[in-house]
Amino acid sequence: MKKTYLILTSFLVFNFIIFANDKSQPNVLLICVDDLNDWVSFLDGHPQSKTPHMKKLADKGVNFSDAHCTSPGCSPSRNAFFFGVEPHNSGLYPFYDIVEIEPGNIDHYTPMPLLFRQNGYFTVGLNKVYHNPDNEYKQKEQWDIYKSMGDSNMNLLLDQGYVPEKAKNSKNPARSKAKRLIACPADNPKEDFRDYKIADYAANFLSKDHKKPFFLAVGFILPHTPLIAPKENFERFSDAIIEPPFKYDDLQDIPIAGQSNAQIYVEKPMREHDAWEQMRRAYLSCVSFTDDNVGIVMDALNQSAYVDNTIVVLWSDHGFHLGEKRSFSKFSLWNEATRVPFIIYDPRNETGNQQICEEPVGLINVYKTLCDLTGLEAPDHVDGISLKPWVYQPKTPKKSPAMTTWGRGNYTLKTKKWRYTRYFDGTEELYNQSNDSNEWNNLASNPEFKPLMESFQNSWLPKSEKPQVRSGIKLYNVSDADNPTKNINSYKRLVKDYQSSGLKPPL
Ligand SMILES: [Ca+2]
Ligand SMILES: [Ca+2]
């Protein structure tokens, strides 16, 4: 009996060592950035963006320059990413506390970190991987280590940016109810910031010996609001900030279901206080701070034993408006909110690295792509396709568009030439990207394009939609088949209010 046990143990140990040293089993480093739009120096979003570390990674790997989120909100985007399921198949359209969702809705899914763990990986999650507080969901099953780190007390330089009065007058502006619109530097060392803390933790992890292959997910929270970064990062943007392309009456040719996605309740105070430039400067500063932190992680990887055997994926959960379409932040189906930076660097990729893939791709495909690149089998419930053909041959033409969902019944498709959007009430938008990349001229009412729009509908829009998962729900900023009037009505009230303010109204 004892002898059998010993033989079995040594067999397991032997196998384990073989597995740990098996070069074909690569590590995964997932760099998850919150609310990062195309204002990065490896895309064409803003000419003043300064992101040398992310650019270095984009230049080294495959830079997917026309990548789009599955949903333009943290919670539905990240749920789709980590479960690998489209919102119309999961019913996870709006924001949730997924720990509160009733059994039978999502517990049959294998989240991405769990799949890697079940296949012998050591899994580490840092800060915002899922939407907070969803990191508690199956935390013990999914993660060997899960760490959350907060900012230390922030010493805000209130007069060196934009801070709403309500926040200024509060005892702790950075934690006040009005914190969302704070855009100013803090006179703290970088070590006080949570994003630096996790970069440092990840760098330390990468400097250590690990017996198993690892799946390391680093979740940076900036440039999510409040837009607070070290003074040093703000000082990099002392020049006047160039205004992004903007059209006053842009919303005029957009159906009301789409218009109501514009966050004019932020656009109005920004104009009243002439604060857009400060907001944009703060955004660029926060992006540059995130870039510094990505640099810390990448430098550590490059100096580590894992440099030749680690797949790096950098992505953001959705984009961000900074005044375009009279909107702020996310929650829309326009390019500003759907387009995301997306890089895959696989050191084994001799044919595709150092190239740009200009084909439209969706983040829903990351689950299957990572399975394909690491040799794991994706569970049956996972949607999307593997992007491996484009990772290895980035110039391969791609027929399928990238699709983004925002609430049940609202979808947008991005092809190389077109953006086609259909809302829950049947209204539509169509933009020709080859001469209207700002999406200013809605062609949907032109009968010439009717057949094209019908072919988009028939070929690519979902034929059925799972009902919205209801339990534990937090609904806001969605006008959709389940909540058709609330957001539209509040938008109409805001437009009226705007019109009486003396400012140039959106319509
Ligand atoms: Ca986000
Ligand atoms: Ca327009």
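Above this note sits the structure.
Please read these numbers as outputs of a predicted model, since none were measured by experiment.

Novice: How do you make sense of the overall build of the chain when you look at a structure like this?
Specialist: Tallying secondary structure elements over the chain gives 17 helices and 21 strands in all. Expected size for 507 residues packed as a compact globule is a radius of gyration near 23 Å; at 23 Å, the chain falls within 12% of this value. With the C-alpha coordinates of the chain rotated into their principal frame, the extents come out at 85 × 55 × 45 Å. In the chain, which comprises 507 residues, the share counted as buried stands at 52%.

Novice: Help me out: how do you make sense of the sheet that holds strand 10 (residues 310-316) in this one?
Specialist: As a general point, the strands of a sheet are linked pairwise by backbone hydrogen bonds and lie either parallel or antiparallel. One open sheet accounts for 8 strands, arranged 6-5-8-1-10-14-2-15; its pairing is mixed. Only two strands of the sheet have a single neighbouring strand rather than two, namely strand 6 (145-147) and strand 15 (355-357). Each strand of the sheet is rotated relative to its neighbour by a mean of 10°, with strand direction disregarded. In this structure, strand 5 (residues 122-127) lies alongside strand 6, joined through 3 bridges in parallel fashion. From the neighbouring strand, V124 faces strand 6, where its bridge partner is I145. Together, strand 2 (62-64), strand 10 and strand 14 (342-345) form the strand contacts of helix 2 (residues 52-60), whose direction differs from that of strand 14 by roughly 55°.

Novice: Got a minute to help me understand the sheet that holds strand 20 (residues 428-432) in this structure?
Specialist: Read from one edge of the open sheet, 4 strands run 17-18-19-20, paired in antiparallel fashion. Across the chains shown, the open sheet's two edge strands, defined by having one partner strand only, are strand 17 (402-405) and strand 20. Averaged over all pairs of adjacent strands, the angle between their axes in this sheet comes to 10°, without regard to strand direction. Direction of pairing for strand 17 relative to strand 18 (residues 411-414): antiparallel, over a ladder of 4 bridges. Following the sheet pairing, M403 is matched in strand 18 by L413.

Novice: Hey, could you run me through the packing of helix 8 (residues 194-206) against helix 12 (residues 276-302) in this one?
Specialist: What describes two packed helices is the angle between their axes and the distance between those same axes. With their axes 8 Å apart at the nearest point, helix 8 and helix 12 run at an angle of 10° to one another. Between helix 8 and helix 12, the angle is such that the two are roughly parallel. Two secondary-structure elements touch here, helix 8 through D195, Y196, A199, D200, A202, A203 and L206 and helix 12 through F289, T290, N293, I296, V297, A300 and L301. Looking at the contact of helix 8 with helix 12 residue by residue, the classes come out as 10 nonpolar, 2 polar and 2 charged.

Novice: I tried to follow the pairing of strand 17 on my own but got confused; where do I start?
Specialist: Each regular strand displays side chains that alternate between the two surfaces of the sheet. Burial along strand 17 is two-sided: the face carrying A402 and T404 and the face carrying M403 and T405 are both buried. What sits between the antiparallel neighbours strand 17 and strand 18 is a turn of 5 residues, in which G407 has the positive phi angle 80°.

Novice: Before we go on, may I ask you to explain the nonpolar core in this structure?
Specialist: In globular proteins that are soluble, nonpolar side chains generally tend to be buried together. Ranked by size, the top nonpolar core spans 119 residues in total, and within it I31, A202, L216 and V218 carry the most contacts. The leading source of residues in this core is helix 12, at 12 residues. Once residues lying within four places of it in the same chain are set aside, the contact partners of A202 are L126, L216, V218, V297 and A300. Listed in part, the 6 residues of the second largest apolar core include L333, W334, A337 and V478.

Novice: Teacher, can you tell me more about the packing of helix 11 (residues 264-272) against helix 17 (residues 486-499) here?
Specialist: Between helix 11 and helix 17, the shortest axis-to-axis distance is 10 Å and the interhelical angle comes to 15°. Classified by the interaxial angle, the pair formed by helix 11 and helix 17 is roughly parallel. Taken as a pair, helix 11 and helix 17 cross one another with a handedness that is left-handed. In this structure, helix 11 contributes I264, Y265 and K268 to the contact, and helix 17 contributes L494, V495 and Y498. Here the contact of helix 11 with helix 17 is composed, by residue class, of 5 nonpolar, no polar and 1 charged.

Novice: In this structure, what is going on with the pairing of strand 5? I would like to understand it.
Specialist: Summarising burial for strand 5: 5 of the 6 residues are buried, a large majority. The pairing of strand 5 with strand 8 (residues 214-220) spans 6 bridges and is classified as parallel. The residue bridging V124 from the neighbouring strand is L216, located in strand 8.

Novice: Where do I start with helix 14 (residues 366-374) in this structure?
Specialist: In an α-helix there are 3.6 residues to a turn, and that puts residues three or four apart on one side. Buried residues dominate helix 14, accounting for 8 of its 9 residues. All buried positions along helix 14 are accounted for by V366, Y367, K368, T369, L370, C371, L373 and T374. Looking at the buried side of helix 14, the elements it contacts are strand 1 (27-33), helix 3 (74-83), helix 5 (112-118), strand 10 and helix 15 (388-392). Where helix 14 terminates, the next one or two residues include G375, which has phi positive at roughly 80°.

Cut-offs and rules
- Residues numbered from 1 in each chain as written.
- Chains lettered and ligands numbered in written order.
- Predicted model: local features only at pLDDT ≥ 70, side-chain atom pairs only at ≥ 80, totals over all residues.
- Helix = DSSP H or I, 4+ residues; strand = E, 2+ residues; numbered from the N terminus.
- Rg over C-alpha atoms; globule rule 2.2 N^0.38 Å.
- Buried ≥ 20, exposed ≤ 12 C-beta atoms within 10 Å, placed from the backbone.
- Pairing = 2+ DSSP bridges.
- Axes fitted to C-alpha atoms, helices over the stretch in contact; angles between N-to-C directions.
- Contact = placed C-beta atoms within 7 Å.
- Parallel < 35°, antiparallel > 145°, perpendicular 65-115°, else oblique.
- Nonpolar A, V, L, I, M, F, W, Y, C, P; charged D, E, K, R; others polar.
- Core = buried A, V, L, I, M, F, W, Y, C linked by C-beta atoms within 7 Å.
- Left-handed = near helix turned anticlockwise from the far one by under 90°.

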